[in-house]
2 protein chains.
Amino acid sequence: MIDLTLLADGGIGWIDASGPASPLVLSTRIRLARNLAGRPFATRNAARDREAIAEAMAGAVAGTDALGRAATFRLDRLDLRDRLLLHERHLVSKELAGLGGEPVPVGAALLVQDRVGAMVNEEDHLRLQGVVSGFALEAAYAEVDRLDSELGQRLAFAFHPEFGYLSACPTNVGTGLRASVLIHLPGLVLTKEISKVLQGLAQVGLAVRGLYGEGSEVVGNFFQLSNQTTLGKSERDLLDHLGKMVREVMTYEEEARAVLLRDARDVIEDKVWRAYGLLRYARTLSYDEAMNLLSGVRLGVGLQVIPDVGFYALNKMLVHTQPAHLASAHGVALDDPSLGVRRADFVRTLLQDEGRRAG
Amino acid sequence: MIDLTLLADGGIGWIDASGPASPLVLSTRIRLARNLAGRPFATRNAARDREAIAEAMAGAVAGTDALGRAATFRLDRLDLRDRLLLHERHLVSKELAGLGGEPVPVGAALLVQDRVGAMVNEEDHLRLQGVVSGFALEAAYAEVDRLDSELGQRLAFAFHPEFGYLSACPTNVGTGLRASVLIHLPGLVLTKEISKVLQGLAQVGLAVRGLYGEGSEVVGNFFQLSNQTTLGKSERDLLDHLGKMVREVMTYEEEARAVLLRDARDVIEDKVWRAYGLLRYARTLSYDEAMNLLSGVRLGVGLQVIPDVGFYALNKMLVHTQPAHLASAHGVALDDPSLGVRRADFVRTLLQDEGRRAG
């Protein structure tokens, strides 16, 4: 059983809502796809290739500042609950966690430490990741860039002078960079402007996903916005473009919220306070309901309609009410019938504490 | 505009929940149908008959202890909001209030004072009424009996030595007595035992109605149980029979609640606390939603799951969130769009006060 409490801040540094614009943008995440030169891509390599890659990676990170003290998890040695736990923290992809029913690929491994981490033997040999609180592309990039530089001194990455970094999937060739922000857009959803905005984003090359990346449903009005392609552009270009687009979306969201307050204040106040009332008093909550109610309360706090609730607490509820997090915290199975009651307990207690803290 | 604050306890003495079993039985109401000898029944009399009856009644009550200081309302001189207000307080029937679209019959009048009242020129010339808190048939009968005796000394009632008191409708001939209790049966509704119980009551001659009497819907799990016929039985028999039946229903309800707590405590606690959370925080509430949520909270308080809320407060919310009560309290029209917000304000403030009062 994984004990993530051994990691700094439980391995989720972004949760403290300390970053810029963190009421709206929960986290900024940048990952770099890297492959070892002279080894077949993961899509066509053998178990001994994967073992060799994991070994090379372990040797390389040991001496780095960025990941030298990192915890290492062999996904293929973890049970489903722990694999899901890591996935819920956005530390490993659905594929690496083997959540689609497929067993975890042999030798898959993960290394995490606060704001940086890496997946080994996922679609690429390495996927390096930096995650920071709020809307902070530069800071996230600085984290992962440092890790990339340190590892690059120890490992030979597959690199082509014309194309850049090579990767298993052509969409990642070039910088191998994918930057994404997790953003909360209830205003655009409530004003029904969201599809127009998402269409616009697709036209300028951005991908829109749910809370858990590719193929995941949008729940609680949380969206992941990221760049689609990396080929033929510099890291700088990619980050500038995404940054500009995200700032536009943030402006649209703020405008939508202003419209809601102007045209439907009663309805909005009622909606967010009902969400608060249910979270504050319900004795059992499903995950989907909790997410939707948390979205309502987050909107209410953002609009300054609901006082006495902090974004740190809101982020905590978002993370720790997920099924594997709850099951893990209480040492029960993922399908334990008590999860709904425990979820409600967690949320209720935290909201009571917030109320008391505020006096 | 009616100002009911001039009446003792606003004219609703039963609201204080001081009577026996008042958590379950909100009020006990007994009315006696009386007609003046030598005057045609209301179903076939003329305007001058109705005027004469109103005048005779006014003269007779003036000297009574029971109604001597009563306020008199001429329904045909009140606007719709005030007529509805009196109906919501169970002081006048739908017919006398002219709520079915028909205008109020000329000369209809009402007299009320705390626990007794009377309708004039309804289906019968006089309908005398006694209402008390909780399950208290004797006390309610004592109230109305005193009024009946006092009026009987001043007015000649139509009485037949064999049949008893005569009335416009044969179902009221005899004692002219109808006793009813307003009872809260959420346990029987939630355990789906209610239809069986209601069928049983029909078989032993009891009528079951909604919150506002004949033809009204059941809302918030509040039921009115009353005797169907009066002919050939003494007042004592009628009250004994109803009392026995109501005690049985109360036992069934208590058993149903025990079953709920035993077999579905989590579900019930969740249900009642959600109701509390919504009432405590919602910013707008429809009447039906408020009734249903109040039913949930009342159940929670009765089960001792929810502390710090009294039955007096629960009764107040039941009465004062009704459309005409709200509209009247704020001096606005019945269709004023602010009523939902005002209803939520009233409930929220009262629940906050209850919480503070309890410390």
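Residues numbered from 1 in each chain as written. Chains lettered and ligands numbered in written order. Predicted model: local features only at pLDDT ≥ 70, side-chain atom pairs only at ≥ 80, totals over all residues. Heavy atoms only, no water.

**Description of the overall build of chain A**
In step 1: For chain A, the helix and strand inventory stands at 11 helices and 10 strands.
In step 2: Over its C-alpha trace chain A gives a radius of gyration of 21 Å, about what one expects of a compact globule, namely 21 Å for 359 residues.
In step 3: Seen along its three principal axes, the alpha-carbon backbone of chain A occupies a region of about 65 × 45 × 35 Å.
In step 4: A burial count over chain A gives 58% of its 359 residues as buried.
In step 5: The long-range share in chain A, meaning contacts at least 24 apart out of those at least 6 apart in sequence, stands at 72%.
In step 6: As displayed, chain A has an accessible area near 15,000 Å², and 51% of this comes from carbon and sulfur atoms. (Helix = DSSP H or I, 4+ residues; strand = E, 2+ residues; numbered from the N terminus. Rg over C-alpha atoms; globule rule 2.2 N^0.38 Å. Buried < 20%, exposed > 50% of the residue type's maximum accessible area, 1.4 Å probe, protein only. Contact = heavy atoms within 4.5 Å. Areas by Shrake-Rupley, 256 points an atom, 1.4 Å probe, with all protein chains shown as cover.)

**Concerning the environment of Leu84 of chain B**
All names here are of chain B.
In step 1: Within the element layout of this structure, Leu84 appears in helix H2 (residues 80-88).
In step 2: By relative accessible area, which is 18% here, Leu84 ends up buried.
In step 3: For the pair formed by Leu84 and Trp273, sequence separation is 189 residues and the distance between their alpha carbons is 32 Å.
In step 4: Ignoring sequence-local partners within four residues, the contact set of Leu84 consists of Leu99, Ala324 and Leu334.

**Quick notes on the packing of helix H7 (residues 235-281) of chain B against helix H11 (residues 339-357) of chain B**
Residues and elements named next belong to chain B.
In step 1: Orientation of H7 relative to H11, taken along the N-to-C sense of each, is 110°, at an axis distance of 7 Å. With respect to their mutual orientation, H7 and H11 come out roughly perpendicular. Contact residues: Tyr276, Leu279, Arg280 and Tyr281 in H7; Val347, Arg348, Leu351 and Gln352 in H11.
In step 2: Class assignment for the residues of the contact of H7 with H11 results in 5 nonpolar, 1 polar and 2 charged. (Axes fitted to C-alpha atoms, helices over the stretch in contact; angles between N-to-C directions. Parallel < 35°, antiparallel > 145°, perpendicular 65-115°, else oblique. Nonpolar A, V, L, I, M, F, W, Y, C, P; charged D, E, K, R; others polar.)

**A word on the pairing of strand E4 (residues 116-120) of chain A**
Residue and element names in this part refer to chain A.
In step 1: Counting buried positions over the 5 residues of E4 gives 5, a clear majority of the element.
In step 2: Residues Val116, Ala118 and Val120 line one face of E4 and the alternating positions Gly117 and Met119 line the opposite face, and both faces are buried.
In step 3: Where E4 meets strand E5 (residues 126-133), 5 bridges bridge the pair, whose relative direction is antiparallel. Residue Val120 lies in a different strand from E5, and its bridge partner there is Leu126.
In step 4: Here E4 folds back onto E5, and the loop between the two strands holds 5 residues, one of which, Asn121, carries a positive phi near 65°. (Pairing = 2+ DSSP bridges.)

**So, the interface of chain A and chain B**
In step 1: Every contact between the two is made by 16 residues of chain A and, on the other side, 16 residues of chain B.
In step 2: Interface of chain A and chain B: buried area, both sides summed, is about 1,500 Å²; carbon and sulfur atoms make up 61% of it.
In step 3: When the buried surface of chain A facing chain B is broken down by residue, Arg274, Tyr281 and Arg283 of chain A rank first, second and third, together holding 43% of it.
In step 4: For the interface between chain A and chain B, the tally reads 2 salt bridges.
In step 5: Note that Glu289 of chain A is salt-bridged to Arg274 of chain B, the shortest N-O span being 2.8 Å.
In step 6: At the boundary of chain A with chain B, the tally comes to 8 residue pairs in polar contact (both at pLDDT 80 or more).
In step 7: Tallied by class, residues from the side of chain A that touches chain B come to 7 nonpolar, 2 polar and 7 charged. (Buried area = accessible area lost by both parts, 1.4 Å probe. Salt bridge = Lys/Arg side-chain N within 4 Å of Asp/Glu carboxyl O. Polar contact = N/O pair within 3.5 Å; in protein donor to acceptor, adjacent residues only side chain to side chain.)

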